[in-house]
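# Close look at the chain arrangement
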Amino acid sequence: MAHSLVLKLTRLAVILAITAAWETASRSGLVNPRLLPSASETLAMLVNLLGRAAVRNDLGVTAMEVLSAFALAVPFGCLIGFLIAENRYFADVVKPLLFFAFSIPKSIFLPMFILVFGVGFAQKVGFGFFSTIFIVIMSTTTAVESVKLEYLTVARSYAATPAQTAFRIYLPAMLPVLLEALRIAMIFNLTGVILAEMYASRDGIGHQIATWGENFQMPQLLAGVVLIAVIAIAFNELIRWVETRCSHWRT
């Protein structure tokens, strides 16, 4: 307990030190305040932005796009990853191709999504889905392969049905690995949707951030970056909390 408290206080101290250095650098003129507004000015602008109906509407649009892409990519990715891991020959054929596709920067495909889907909800969800599904497939394949053979042998010896094997053997054994993968997948998902909004969109918080940057509105731009960072960290911590609740399945 004491060790955990010390860690939390140390992390808080680091955050406060960075914020203080940011504030000092801007206020003292060490950095041009037009290029780097102070931390206090940025936080004040963040509160101001959250009070605007247009910004809240853009946040809602982005949230709907992110959740839609995530809700599509996770089940499809898990199903494909499971099928790959269960078929050794298929895995040997497909795995190198997956790693090849995963290594390609997804941003180069964004113009193709705009040409196919236009500038709208489908384009951003589609690109978010495309940015996410490869990491889900690869993580699911790894998770399935990590299931101990002894568990499957016992299930077969008791004549367990495929559904029972899936929900009572595979899922509990895979869940900790999958939860860890979902944290990474959401980063790819959020990045893909924000990038699509910044590149070509009429709404969404990514579109707002791009507009603020183009118009050199640095307080708004930094406030938008802080807002996205807070949302990403909050989701990450939520998954970490769920992961700790499932930690007993690791053994």
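Position numbers for residues start from 1 in each chain and track the written sequence from start to end. Only residues with pLDDT of at least 70 are given local features in this predicted model, and only at 80 or more are side-chain atom pairs given and counted; all residues enter the totals for whole chains, interfaces and linings. For the side-chain quantities, the full set of heavy atoms in the structure was used; hydrogens and water were omitted.

## Regarding helix H9 (residues 205-214)
To keep it simple, the criterion reads: Exposure classes here rest on a 1.4 Å probe applied to the protein chains alone. A residue is buried below 20% of its type maximum, exposed above 50%, and partly exposed in between. Only DSSP runs of H or I reaching four residues or more are called helices, and only runs of E reaching two or more are called strands; each is numbered from the N terminus. Here, two residues are considered to be in contact whenever any of their heavy atoms come within 4.5 Å of each other.
Looking only at H9, the buried set comprises Ile205, Gly206, Gln208, Ile209, Ala210 and Trp212. Its buried side turned inward, H9 meets helix H2 (39-50), helix H3 (53-86), helix H8 (162-199) and helix H10 (218-245).

## Focus: the nonpolar core
The line we're drawing: Residues grouped as a nonpolar core are buried Ala, Val, Leu, Ile, Met, Phe, Trp, Tyr and Cys residues, joined through side-chain atoms within 4.5 Å.
Counting residues in each nonpolar core, the largest one holds 27 residues, and the members touching the most others are Leu49, Phe70, Ile205, Ile209, Trp212 and Ile228. Residue assignment for this core shows that the elements contributing at least two residues are H2, H3, helix H6 (121-145), H8, H9 and H10. Examining the composition of this core, we find that 8 residues originate from one element, H8, more than from any other. Excluding residues that lie within four positions of it along the chain, isoleucine 228 makes contacts with Leu190, Ile194, Ile205 and Ile209. Counting 15 residues, the second-largest nonpolar core is a separate cluster that includes Val94, Leu98, Phe130 and Phe134.

## Looking at unusual backbone geometry
At phenylalanine 216, a residue that is not glycine, the phi angle is positive and equals roughly 55 degrees. With respect to the helices, strands and loops of the structure, phenylalanine 216 is situated in the loop between H9 and H10.

## What to know about the packing of helix H5 (residues 110-117) against H6
Rules: Where helices are involved, their axes are fitted lines through C-alpha atoms of the stretch in contact, as for all axes, and angles between N-to-C directions lie from 0 to 180°. Roughly parallel means an angle under 35 degrees; roughly antiparallel means over 145; roughly perpendicular covers 65 to 115; every other angle is labelled oblique. Each crossing gets its handedness from the near helix: less than a right angle anticlockwise from the far helix is left-handed, clockwise is right-handed.
One can describe the packing of H5 onto H6 by two numbers: an axis separation of 9 Å at closest approach and a directional angle of 140 degrees. The angle between H5 and H6 places the two elements in the oblique class. In this structure, H5 meets H6 at a crossing whose hand is right-handed. Contact residues: Leu110, Phe113, Ile114 and Phe117 in H5; Ala122, Gln123, Gly126, Phe127 and Phe130 in H6.

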